[in-house]
Structure formats: structure tokens, C-alpha cells
Amino acid sequence: MSKLKEKLYEKIEGWRPRTTKLLKEHGDVKLGDVTITQAIGGMRGVKCLVTDISYLDPFEGIRFRGFTIPEVLEKLPRPPGAEIPYVEGFIYLLLTGDLPTENEVKEVAEEFKVRRKVPAYVFDVLNAMPADSHPMVMFSSALLSMQRESVFVKQYKSGISKMDYWDPTYEDALNLLAKLPEIGAYIYRKKYREGNIIPSDPNLDWGGNFAHMMGIDKPYDDLSRLYFILHSDHESGNVSAHTGHLVASALSDSFYAISAMINGLAGPLHGLANEEVLRWIQGVMEKMGGKVPDKEEMKKFVWDTLNSGQVIPGYGHAVLRKTDPRYTAQREFCLKHLPDDKIFQYVSTLYEVVPDILQEHGKAKNPWPNVDAQSGVIQWYYGIREYDFYTVLFGIGRSIGVLSNIVWDRALGYPIERPKSLTTKMLEDIAAGK
Ligand code: CMX
């Protein structure tokens, strides 16, 4: 058994009695009531999911296993000469809840090396797809095509105990994680670089190898690490994380679950917003003949968009009520590496004008920028001009959190998800006090 798996097992054994006790002794304790607005309105704020991987405070933003983004970036081990920590160490943190040592990170990196070979048929599937397939469709299909590799399915069929489900789920999770950078980079190079594929380099770390296979020089390796860490998890109620959890709750294996969560991430109100931000900015750039608008000019573009009934992409959030710390972390990267970039200046000007306008507009509950307001700009700067691809990057990162959650779902024996529906007539009757 690998050290990571051993540590995970130890953590699972320690955690299980807490869940059992809560269920046995406090199962009837109320967490809240559900209103008609919540039932019709996408279950906003209904407290009915449990995860220990991350927690999203509306004002503070995300904490991964109790650590804020600046803490994660400061405390995790980094590759030699790098600014941003190993993704491998972050995966260790999400799975176990502990900060790894340098050696523990190296062991995870070694484990990924053993598991990283992508089956040849995955590339055949990708090569057979129409040239205009969206990269998210390619990504989801590639992941789903590997379902036949599932260790969970084999062991489930052989009749393992429910207590052991986490073990083959962990195997599937690590096998998938090890392959994601190569699949993502392959899609990019095949679709946008005339199929000029750069082979994986086994001597590089997860993020470094991704940058290498994308064919982009430093500091893109640091940006990749940062990007994957920031996008990994946002507790479990968002569409991608919830979809992964929901599908896995039927004991569908991680390949089914991760492909499904990618499909949810592909929506413009969720992961696709990073692409929409860039498209919106470029529309403004075209109208401005390339010049950076001053604040007054920018305000007009923002109002025009709102008055035409569209949302300002990259702003607002279902839970957050302040600037997303994932936005701030990327902004700091921009201030260090691309302060004079024209698109970054657009993003900065937007930051100065949009919150006030959204407040005046009076609809959005959160007028502040989210992660997507900043992320496409940096990718553009480093040469990824094909914004269709941005959500694949988000998906690679999000897989880290979703897979960690699924392993723990199986470890703690969470059941199949099945909330209750009511009819509109029933709501009307309840509202009338009948
Ligand atoms: N621009 C204009 N209007 C906005 C807005 C924005 N950025 N954000 C919210 N609103 C509007 C909503 O459309 C809604 O209008 P209606 O009442 O007419 O339907 C109203 O304000 C209330 O919405 P809310 O409760 O503040 O926000 P929701 O929880 O319903 O939705 C989100 C959250 C993110 C979908 C929404 O803010 C939005 O559409 N933002 C733009 C798209 C975006 O950036 N998405 C990425 C989010 C991060 C991620 O998951 O990747």
C-alpha cells in the first residue's frame, strides 16, 4: 500500500465514528427550513450536503481543508525554483487533510508517474471526433471512454464489502488524476496546433509537465499549478462538484462521475464564464479600436450589456458576497508577470467600475468579481488564444476536488442522493395554509 493510501486509510478509520455518531445520536437535529423561494430557486442556501474537503464562507471565500488560498500557497512544498506549490502536494492535502512533507509530495509524484500512461484508444476516440467538436465535449468523451479501466467496477462485481468501496475508488481517482494533464494537453495540441503533440516528460511534476506538453515556457508551469489549485474545489453545492457527487452516489464509478461533472462545468453560468469574459472584453476592444477605455467609456459598455438583458460575465456568485480570493490570487500573478498587458488593464478597469454599476442595477446579490473574471486573460497572455479551451483547464483543476470528494463519499458510506419533489399545486396549497 502506498504511504498516501495508508495515511488516507488511517484518516478514514478515525473519521467514520464521527459520521456514525452524528447519524445515530443526532440524526433528528434540524439544520434549517426550506422556503418556497429555495425550492423554486435552485436550492440556494439549503444546508443539505456534507464535505470536509473545502468550505466556502460568503465573505472570506474558500478554505481548502481549513487553509485559505494564501496559506495553501505559502505552506505547501514547491518544486525547485518555483513560485507556486506542487499540485501533487495539494492533492495530498485535499485527500488526507494534512500538509505533506517534501518526501510525501515526491512519493505522490512517483505514484502518478506509474499511473500516467493514457490508453491508446483514448487518442483514437479524440482523433475520430469531428474537427469542430467543443474541447469540453472531447474532454468529457475521453474521460468516459476510459470507464472500462475502472477498478471499482471490477471489485464491485467481485462482491467487496461496502466498507472497502473507498479503496478501488481511490485507485480510480489516482489513475484518472495521473492522466488528466496529458489528455488536456493532447486535446489542445490536436485541435489548435495541427496535431503537433509534445510527449509527456516523466521527470516533470504534474503542473510542469502540463506546461511542457502545452509547449509553453516558464512561468506557465507556475501558472498551471496555480490555476489547477485555485479551480479544484468550491465546496459541494456548485454544479460541477454536485454533479460529480450525485452521479457517484448511485455507485456509478469515478469515470462516469467525472465525465458528468465536466458536462455541468461546460455551462456559461458556471465554468464557461471564463471564456465569456474574454469574448466580452474583446468585443469592447474591437469597438474601442484596441484602446483601453477610460472609466466613463467602460461604464457605458457595462450598462449597454445590462440594458440588453445580459449578465456581466465574471461577476456575481451564488454564495460569495465579496471579491473571490481566487480572483485576487490571479490578479496578484498578473500584477507580477503581466502588469502592462492591455487585456489585464481592461480587467482592472472593469474591477473599478462593475461593482458600483451592479449595485446600482440592483439585481445581483454579489456585485464582486469571481474566479472567471481574471483567468482567461492570463491564458491569453501566455498564448492560449482559443478561449473554447479555457473551461478544459478549469475541468482539470475541478477534477482534483471532485475526485477527492468521491473517495470520501465512499469512505463515509454516503447513500444514493434522492431529495423529494413537490408539485406547483402542493406549493400553492402549502402557501394558502391548506
Ligand atoms: N450581471 C448581471 N446580472 C446579474 C449578474 C451579473 N454578473 N449576476 C447576477 N445577476 C442577476 C441574475 O441574473 C438574477 O437576475 P434575475 O432575477 O433576472 O434572474 C439576479 O441578478 C439575482 O441573481 P443572484 O442571486 O445574485 O445570482 P445567482 O445565484 O442566481 O447566480 C451566477 C450566480 C454566478 C450564475 C450569476 O451571478 C451570473 O450569472 N454571473 C455571471 C456569470 C458568471 O460569472 N458565472 C461564473 C460563476 C463562477 C463559476 O461557477 O464558475
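Note: the structure precedes this text.
Model, not experiment: these values are computed from the prediction.

## Some words on the pattern of salt bridges
Applying the stated criterion across every chain yields a total of 28 salt bridges. Taking the shortest distance from any N to any O, the salt bridge between Arg279 and Glu276 comes out at 3.7 Å. With a gap of three residues between them, Arg279 and Glu276 both fall in helix H14 (residues 273–287), about one helical turn apart. Judged by its relative accessible area of 38%, Arg279 is partly exposed. When salt bridges with common partners are traced through the structure, they connect Lys5, Glu111, Arg115, Asp167 and Glu171 into a single cluster.

## A short note on the side chain of Asn238
The topology assignment puts Asn238 in the loop between helix H11 (220–230) and helix H12 (239–249). Overall, the relative accessible area of 17% leaves Asn238 in the buried class. At a separation of 3.0 Å, a polar atom in the side chain of Asn238 contacts the main-chain carbonyl oxygen of Glu235. Looking at Asn238, its side chain comes within polar contact range of the side chain of Arg398, at 2.8 Å. Excluding residues within four positions of it along the chain, Asn238 makes contact with Thr243, His270 and Arg398.

## Some points on the site of the ligand
In the region of the ligand, 20 residues are neighbours, and His270, Gly314, Tyr315, Lys365 and Asp372 sit closest. In the environment of the ligand, an oxygen atom lies 2.7 Å from a nitrogen or oxygen atom belonging to the backbone of Lys365. One nitrogen or oxygen atom from the side chain of Asn370 is found 3.0 Å from an oxygen atom belonging to the ligand. Protein contact buries 76% of the 890 Å² of open area that the ligand shows by itself.

## Some words on the environment of Tyr156
Assignment of secondary structure puts Tyr156 in helix H8 (residues 151–157). The class for Tyr156 is partly exposed, based on a relative accessible area of 41%. Separated by 137 residues in sequence, Tyr156 and Thr19 have C-alpha atoms that sit 23 Å apart. Once residues lying within four places of it in the same chain are set aside, the contact partners of Tyr156 are Tyr165 and Leu251.

Criteria and thresholds
Residues numbered from 1 in each chain as written. Predicted model: local features only at pLDDT ≥ 70, side-chain atom pairs only at ≥ 80, totals over all residues. Heavy atoms only, no water. Salt bridge = Lys/Arg side-chain N within 4 Å of Asp/Glu carboxyl O. Helix = DSSP H or I, 4+ residues; strand = E, 2+ residues; numbered from the N terminus. Buried < 20%, exposed > 50% of the residue type's maximum accessible area, 1.4 Å probe, protein only. Polar contact = N/O pair within 3.5 Å; in protein donor to acceptor, adjacent residues only side chain to side chain. Contact = heavy atoms within 4.5 Å. Near = heavy atom within 4 Å. Areas by Shrake-Rupley, 256 points an atom, 1.4 Å probe, with all protein chains shown as cover.

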